[in-house]
Structures are given as structure tokens and as C-alpha cells.
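Secondary and tertiary structure notes
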There are 2 protein chains.
Amino acid sequence: MSLPLSLNTATVRKQWSLAQIIEGCARHGIRGISPWRDQIAQMGLKNAKKSIREKDLVVTGVCRGGFFSARDWKDDNLRAIEEAHELAAPALILVVGGAPEGSKDLSSARKHIRDCIAAILPEARQAKVPLAIEPLHPMQVGRACVNTLEQALDMCDALGEGVGVAVDVYHVWWDPKLEAQIKRAGKRILGYHICDWLPDTRDLFNDRGMMGDGVIDLPKIRSCVEAAGYSGFQEVEIFSDRDWWQRDPDEVLRTCKERLAAC
Amino acid sequence: MSLPLSLNTATVRKQWSLAQIIEGCARHGIRGISPWRDQIAQMGLKNAKKSIREKDLVVTGVCRGGFFSARDWKDDNLRAIEEAHELAAPALILVVGGAPEGSKDLSSARKHIRDCIAAILPEARQAKVPLAIEPLHPMQVGRACVNTLEQALDMCDALGEGVGVAVDVYHVWWDPKLEAQIKRAGKRILGYHICDWLPDTRDLFNDRGMMGDGVIDLPKIRSCVEAAGYSGFQEVEIFSDRDWWQRDPDEVLRTCKERLAAC
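For clarity, every value in this text was computed on a predicted model and none was experimentally measured.

For the pair chain A and chain B, the best superposition has an RMSD of 0.0 Å and corresponds to a rotation of 180° with a translation of 0.0 Å parallel to the axis. Such a turn and shift between the copies fits a two-fold axis. Taken together, the interface assignments show that 100% of the residues at the interface of chain A recur at the interface of chain B, consistent with an identical surface on both copies.

Okay, structure coming up:
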């Protein structure tokens with residue numbers, strides 16, 4: 001039995017609105033959904049919540065809080081916690097942001113991130129919204145200077161209850177310590193995101209592959225997260241300017257299902 | 001006093017032959033040079049050696065051995081050791097290669113690499129050519145599946161005498177464990193390569209920046225390698241399709257010198 005499929009709404013965000021994505025998931029029998037906040041805002045939080053409930057979908061995460069390098073990080077993150085709470089999300093995904101513009105000091109930026117998470121943690125705990133630190137690929141250090149699972153877990157250790165990690169294969173598959181760190185993460189794995197790494201990757205952000213089209217050993221990583229105690233959804237998150245964002249979204253959803261079954 | 005400048009010949013390889021680069025280094029007062037083997041082959045090993053000696057340049061490395069995923073890896077690496085020996089290089093730089101085509105098994109590929117290095121190590125020791133494992137940026141895992149300094153040093157620990165690391169800021173600057181691992185490396189740092197990371201990087205391989213044009217804290221990393229006991233050259237290695245490979249190479253060399261003085 002494979003972990004069930006969830007659709008991260010970024011996967012078809014160029015083609016469909018959130019309302020259309022909710023309809024699409026229901027139509028294709030995809031039971032999980034992980035919406036982005038800009039799409040939630042566009043649809044309206046109440047409408048989104050109502051529609052997701054009507055279609056009997058499970059929210060597997062809200063994307064995203066974080067970006068602690070922004071001026072209004074605190075207000076924005078408190079709003080994000082509230083939204084995740086409203087949608088009964090099992091986690092608010094944190095893309096933590098990089099060093100402030102003009103700064104080369106990654107070490108201070110990383111300390112700042114930890115302090116910011118500590119500052120919003122009481123509200124997150126009160127709202128029962130776990131915060132999921134998502135380590136991003138080292139090539140995306142400008143968007144997030146938490147770049148390995150080990151680093152994210154060290155941060156979790158320092159922060160305590162209410163903080164975990166999101167494991168996105170795209171960001172962590174290369175890591176020689178991946179297996180050991182997934183094991184260490186254990187029940188702190190709050191989300192598991194899948195796609196593939198294309199050997200001829202042409203863009204640092206928007207050139208992810210569909211599962212099976214690249215070189216990531218998905219069955220192996222999945223078995224590691226399962227062995228660590230994760231029993232949630234597998235969330236497909238594909239940013240793809242050259243391919244999947246150009247296709248008929250019904251085809252994209254069909255393909256996600258087929259590939260998940262094959263992997 | 002800053003560590004002296006060496007030119008990795010890749011920096012102007014699109015514009016100049018090795019013979020021209022040797023002349024150029026001498027003309028600009030750059031005392032170190034680190035040639036690539038294809039350029040050595042083109043010039044002829046004897047000619048290269050003679051010309052480098054005549055201009056009183058110091059060879060700071062030979063690029064590259066490794067690529068253990070290739071069929072003829074052993075012969076090729078033994079030839080590379082011989083060439084590095086002839087040129088009195090302080091190290092043969094190893095770009096270790098990725099998983100074999102069609103394989104998704106990074107773990108086996110990494111074991112294979114360690115075994116291959118062990119297999120050529122006796123010849124390297126006999127020739128007094130230290131082997132420098134160069135961890136490559138995780139986005140370049142297809143060219144080298146050694147991707148962190150920690151991983152490279154673990155390999156060194158397993159292999160023993162005669163193996164060290166090359167620290168290229170481009171590949172390791174993002175690493176939260178960088179400082180600790182440079183300290184751990186100590187005298188095993190066999191080469192120190194510099195350039196910069198452009199925030200708007202457009203290509204995974206050939207879009208490096210000139211020192212000062214990006215976001216790497218070069219003075220800090222240099223002080224770490226110096227504190228670890230490294231007292232060799234700072235080798236400028238810039239792959240740059242869109243910028244530095246398009247420029248007058250005399251301007252490139254002048255700029256390298258100016259920027260090194262400024263950083």
C-alpha cells in the first residue's frame with residue numbers, strides 16, 4: 001500500500017485557479033490538496049474552506065509561511081498560521097528566506113530565522129498548527145538558507161515542540177546523509193513532497209520533473225520516510241515552466257496518479 | 001598579506017590556448033597556474049612543462065582526474081597522476097563523477113568512487129602526487145556525487161595518507177557546516193578555488209561570477225582556510241558563458257588581480 005496522493009496546487013497553478021484545482025482533484029479522485037496562500041487569498045479563505053470540505057478533500061499543508069527576510073514577516077506569518085488553522089492543515093510549510101539583500105552573512109541570517117520561528121511559535125502552538133521547516137536545495141539559498149535536513153532538524157531541536165520538517169525529495173535527494181537524517185527526523189516529518197530531478201535541468205527554480213522522468217530513487221526515499229514513521233500523503237509539487245505548466249491540467253493530474261502508482 | 005593568486009586555466013579557456021595563458025600569467029605577474037589536462041594535451045606535456053618553467057610559474061594543481069563512472073577510469077587516472085608528477089603539481093584535482101547512466105543509486109556510486117580512489121592511491125603516493133577530492137555543488141551531482149566537504153573528509157579518513165580536498169567556494173559556500181569542516185580538514189586542504197555566486201545564476205555549470213560580483217563572503221572563507229593551516233595559492237576558476245568567456249582575456253586577468261586585492 002502506497003501513501004496516498006496529494007496535489008500541491010503549484011503543480012497546475014499556471015493553468016487553473018484554486019476553485020478549478022479543487023474540482024479537478026475531486027474529479028480525478030485525488031484526496032489530498034496543499035494550497036498556496038496567494039491562491040487561497042484569490043478565492044477567499046471561506047470559499048476555499050467550504051469548497052474543500054464539500055469535495056471531502058484533506059488539506060495536507062499550507063504553502064507557505066516563512067520568508068523571514070521580509071519586513072512584515074511577523075504579521076504575515078501570524079496570518080498564515082490563522083489560515084492553516086482555518087483549513088485544518090497538519091502543517092504550515094516554512095520557506096525561510098535568505099540573507100537580507102546586500103548581506104553576505106549566512107550565519108546571521110540563519111540565527112535570525114531561528115529567532116523568528118521562536119517568535120511565532122507560541123501562536124502556532126496555540127492554534128495547533130505545527131510549523132514545517134522545509135530545507136531548500138543549496139542552489140536556492142537565496143530563497144531559504146536552511147539547506148539540509150540535518151540543519152533543519154538541528155533547528156527543530158533548538159526550538160522544541162510544535163516544529164518539524166517538510167521533506168521535499170527535490171531539495172534533499174542528493175544529500176549523502178539523507179537516510180540517517182530521515183531516520184533522525186522520525187515523527188517530525190510533517191510533509192513529504194515528490195517530483196523528480198531532470199539530469200538536464202535548465203533552471204534553478206522552475207524545471208522540476210514528473211516522477212519517473214528523472215534520477216531520484218523515489219521508492220527508496222519513500223521507504224525511508226515510512227520507516228521513520230510517516231504515514232501521511234505524498235504531495236506532488238512540480239514547478240515546470242517548460243513542460244507541465246504548458247500542459248492540459250487534466251493530463252497533469254492523470255499523469256501524477258499513473259506515475260505514483262508506477263513508482 | 002593575502003594568499004597569492006593562481007589562475008585556473010578554465011577561466012580564459014574559450015579565448016586562449018595554454019601557451020597563451022602561460023604568457024598571459026607571466027605578463028600580468030600572476031605567479032600560479034592550474035592547467036586542465038585537455039589543454040596540456042593540446043600543447044604537449046613537455047612543451048607545457050618547459051614553458052611554465054621558463055616563465056617561473058608555480059603549478060598549483062592539475063585539473064582533473066576522477067570521473068570514475070567512465071569505462072577507462074583507471075588508465076586515465078594513472079596518466080593524470082603521471083602528468084601531475086611531471087608538472088610538480090601539489091595535487092591532482094579529482095572531479096569524481098556521478099552515478100552510471102541509468103542508475104539512481106547514489107549510495108553505490110559513492111562507494112565505487114571510494115574504491116576507485118583506493119585503487120589509484122598506491123601510484124599517486126609513489127609519484128608523490130596527493131589526490132584532492134573536490135566536493136561539487138549538489139546541483140552538479142551528475143558530475144560528482146561527492147557534494148559536501150564533510151563527505152569528502154569522511155572519504156579521506158577512510159583512505160588515509162595521500163588524499164585531501166580541494167575547497168572551491170562556489171561548491172561549498174552555502175554549507176551550514178562549512179566553517180567546522182574547513183577546520184577539520186586542516187592540512188588536508190590541497191587547493192583553494194575562488195570565484196563568486198551570482199544571485200541571478202542562470203546556468204548550473206557555466207555561470208560563475210567574478211569575485212565581488214556575488215554573495216559569497218570570500219574574506220571570511222579565506223580566513224577560515226588560513227586558520228586551518230592553508231598557505232597556498234588562491235586559484236581563480238570562473239566558468240562564465242555569458243560574461244568572462246566573452247571578454248578580452250587580458251581584461252579578465254587584470255580584473256582577477258584587482259578583485260583579489262579588494263576582497
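Attention now goes to the interface of chain A and chain B. Taken together, the contacts link 27 residues of chain A with 27 residues of chain B. Summing the contributions of chain A and of chain B, the shared interface buries around 2100 Å²; its carbon and sulfur component is 66%. Taken as a group, K104, W174 and L204 of chain A account for 28% of the area that chain A buries against chain B, more than any other trio of residues on that side. Where chain A touches chain B, the interface holds 2 salt bridges. Notably, a salt bridge pairs E150 of chain B with K177 of chain A, separated by 3.1 Å at the nearest N-O pair. Counting the contacts that link chain A with chain B gives 6 residue pairs in polar contact (both at pLDDT 80 or more). Contributing elements (two or more residues each) for the side of chain A that touches chain B: α5 (106–126) and α6 (149–159) of chain A. Of all the elements, α5 of chain A adds the most residues to the side of chain A that touches chain B, at 3 residues. Tallied by class, the residues present in the side of chain A that touches chain B amount to 11 nonpolar, 7 polar and 9 charged.

Our next topic: the environment of L5 of chain A. Residues and elements named next belong to chain A. Within the element layout of this structure, L5 appears in strand β1 (residues 5–8). Judged by its relative accessible area of 10%, L5 falls in the buried class. Separated by 27 residues in sequence, L5 and G32 place their C-alpha atoms 6.2 Å apart. Not counting residues up to four positions away in its chain, the partners in contact with L5 are I30, R31, G32, F233, Q234, V236, C256, K257 and L260.

One broad rule of soluble globular proteins: the nonpolar side chains tend to lie buried together. Formed by 172 residues in total, the largest nonpolar core has its most connected members in I117 and I133 of chain A together with I117 and I133 of chain B. Setting aside residues no more than four positions away along its own chain, I117 of chain B makes contact with F68, L94, L131, I133, M155, L159 and V163 of chain B.

All names here are of chain B. In the contact formed by helix α4 (residues 73–86) and helix α5 (residues 106–126), the axes pass within 10 Å of each other and the chain directions differ by 40°. The angle between α4 and α5 falls in the class oblique. For α4 against α5, the interelement crossing comes out right-handed. Contact residues: W73, K74, N77, L78 and I81 in α4; H112, C116, A119, I120, E123 and A124 in α5. Taken together, the residues that form the contact of α4 with α5 break down as 7 nonpolar, 2 polar and 2 charged.

Criteria and thresholds
Residues numbered from 1 in each chain as written. Chains lettered and ligands numbered in written order. Predicted model: local features only at pLDDT ≥ 70, side-chain atom pairs only at ≥ 80, totals over all residues. Heavy atoms only, no water. Least-squares fit on C-alpha atoms with pLDDT ≥ 70 in both. Contact = heavy atoms within 4.5 Å. Buried area = accessible area lost by both parts, 1.4 Å probe. Salt bridge = Lys/Arg side-chain N within 4 Å of Asp/Glu carboxyl O. Polar contact = N/O pair within 3.5 Å; in protein donor to acceptor, adjacent residues only side chain to side chain. Helix = DSSP H or I, 4+ residues; strand = E, 2+ residues; numbered from the N terminus. Nonpolar A, V, L, I, M, F, W, Y, C, P; charged D, E, K, R; others polar. Buried < 20%, exposed > 50% of the residue type's maximum accessible area, 1.4 Å probe, protein only. Core = buried A, V, L, I, M, F, W, Y, C linked by side-chain atoms within 4.5 Å. Axes fitted to C-alpha atoms, helices over the stretch in contact; angles between N-to-C directions. Parallel < 35°, antiparallel > 145°, perpendicular 65-115°, else oblique. Left-handed = near helix turned anticlockwise from the far one by under 90°.

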